[in-house]
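Observations on the three-dimensional arrangement
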2 protein chains.
Amino acid sequence: MLKAEICITLKKTVADPQGLTIKQALESMGYQGLEKVRIGKFIIIELSGRNKVSAQKEAEEMCAKLLANPIIEDYRIEIKED
Amino acid sequence: MLKAEICITLKKTVADPQGLTIKQALESMGYQGLEKVRIGKFIIIELSGRNKVSAQKEAEEMCAKLLANPIIEDYRIEIKED
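Here we summarise the structure given alongside this text. Predicted model only: the values in this text are computed from it and were never measured. (Residues numbered from 1 in each chain as written. Chains lettered and ligands numbered in written order. Predicted model: local features only at pLDDT ≥ 70, side-chain atom pairs only at ≥ 80, totals over all residues. Heavy atoms only, no water.)

**Details of the interface of chain A and chain B**
- At the interface, 36 residues of chain A touch 36 residues of chain B.
- When chain A packs against chain B, the two sides together hide about 2900 Å² of surface, and 62% of this comes from carbon and sulfur.
- Run the count over chain A and chain B and you get two salt bridges.
- Linking chain A to chain B there are 20 residue pairs in polar contact (both at pLDDT 80 or more).
- Those elements that provide at least two residues to the side of chain A that touches chain B are strand S1 (2-10), helix H1 (17-28), strand S2 (34-47), helix H2 (52-67) and strand S3 (73-81) of chain A.
- Classifying every residue of the side of chain A that touches chain B by side-chain character gives 19 nonpolar, five polar and twelve charged.
- As defined by bridge partners, S2(A) adjoins strand S2 (residues 34-47) of chain B across 13 bridges and the pair is classed as antiparallel. (Contact = heavy atoms within 4.5 Å. Buried area = accessible area lost by both parts, 1.4 Å probe. Salt bridge = Lys/Arg side-chain N within 4 Å of Asp/Glu carboxyl O. Polar contact = N/O pair within 3.5 Å; in protein donor to acceptor, adjacent residues only side chain to side chain. Helix = DSSP H or I, 4+ residues; strand = E, 2+ residues; numbered from the N terminus. Nonpolar A, V, L, I, M, F, W, Y, C, P; charged D, E, K, R; others polar. Pairing = 2+ DSSP bridges.)

**With respect to the environment of Glu5(A)**
All names here are of chain A.
- By the element assignment, glutamate 5 lies in strand S1.
- Along the chain, glutamate 5 and lysine 52 lie 47 residues apart, while their C-alpha atoms are 12 Å from each other.
- A distance of 3.2 Å separates the side chain of glutamate 5 from the side chain of lysine 80, its partner in a polar contact.

**Quick notes on the relation of the copies chain A and chain B**
- The transform that puts chain A on chain B rotates by 180° and translates by 0.0 Å along the axis, for an RMSD of 0.0 Å. Here the symmetry operator amounts to a two-fold rotation axis.
- A shared binding surface is used by both copies, with 100% of the interface residues of chain A retained as interface residues in chain B. (Least-squares fit on C-alpha atoms with pLDDT ≥ 70 in both.)

**With respect to helix H2 (residues 52-67) of chain B**
- Helix length check: H2(B) (16 residues) gives 20 Å between terminal C-alpha atoms against 22 Å at 1.5 Å per residue, more than 12% under.
- Where H2(B) is buried, its residues meet H1 and S2 of chain A together with strand S1 (2-10), S2 and strand S3 (73-81) of chain B.
- For H2(B), the capping residue at the N-terminal end is Asn51(B), with a side-chain oxygen 3.2 Å from the backbone nitrogen of Val53(B). (Expected span 1.5 Å × (residues − 1).)

**Observations regarding the packing of H2(A) against helix H1 (residues 17-28) of chain B**
- At a minimum axis distance of 11 Å, the contact between H2(A) and H1(B) shows a crossing angle of 105°. The angle between H2(A) and H1(B) falls in the class roughly perpendicular. Judged by residue contacts, Met62(A), Leu66(A) and Leu67(A) of H2(A) engage Ile22(B), Ala25(B) and Leu26(B) from H1(B).
- Classifying every residue of the contact of H2(A) with H1(B) by side-chain character gives six nonpolar, no polar and no charged. (Axes fitted to C-alpha atoms, helices over the stretch in contact; angles between N-to-C directions. Parallel < 35°, antiparallel > 145°, perpendicular 65-115°, else oblique.)

**Details of the pairing of S1(A)**
Residue and element names in this part refer to chain A.
- Burial analysis of S1 places eight of its nine residues in the buried class, the great majority of the element.
- Note that S1 and S2 share eight bridges and pair antiparallel. Residue pairing for S2: lysine 3 is matched across the bridge by glutamate 46.
- Sheet topology note: the S1/S3 ladder contains nine bridges and is antiparallel. Following the sheet pairing, threonine 9 is matched in S3 by aspartate 74. (Buried < 20%, exposed > 50% of the residue type's maximum accessible area, 1.4 Å probe, protein only.)

Have a look at this one:
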């Protein structure tokens, strides 16, 4: 079985208030030297009956059509053997 | 500068209704052979003034203390050069 691991992040130019809140929380806990904190989504899809190439292609299609918003988000896909 | 990429997922035994909803949405779009869809969080923290070992240690501490809920979530940390 193959596993598509998809990391979806906001584009660099898009404000990320959730990330900023977590950055401030970490700083209030005493962590220093935090330059930036960005929050995104992590999606794991287990796929059967495909090879790596078709799994990659299909996962990209799923991102473009449903999982990510290409206007404000970037995504990265990794196909792994499960 | 170093970048800690943190993937937080629900433990396998914990129900993931959001993942199930996305699985059903993908199936209704015609995708077949989806065994499982799980949704998690993806956090990128940019750290300055550390080496890889201390960055890894600190990121693990941040996960345990704030970012993840160790009762229901697992996490994986990767330290990368930015």
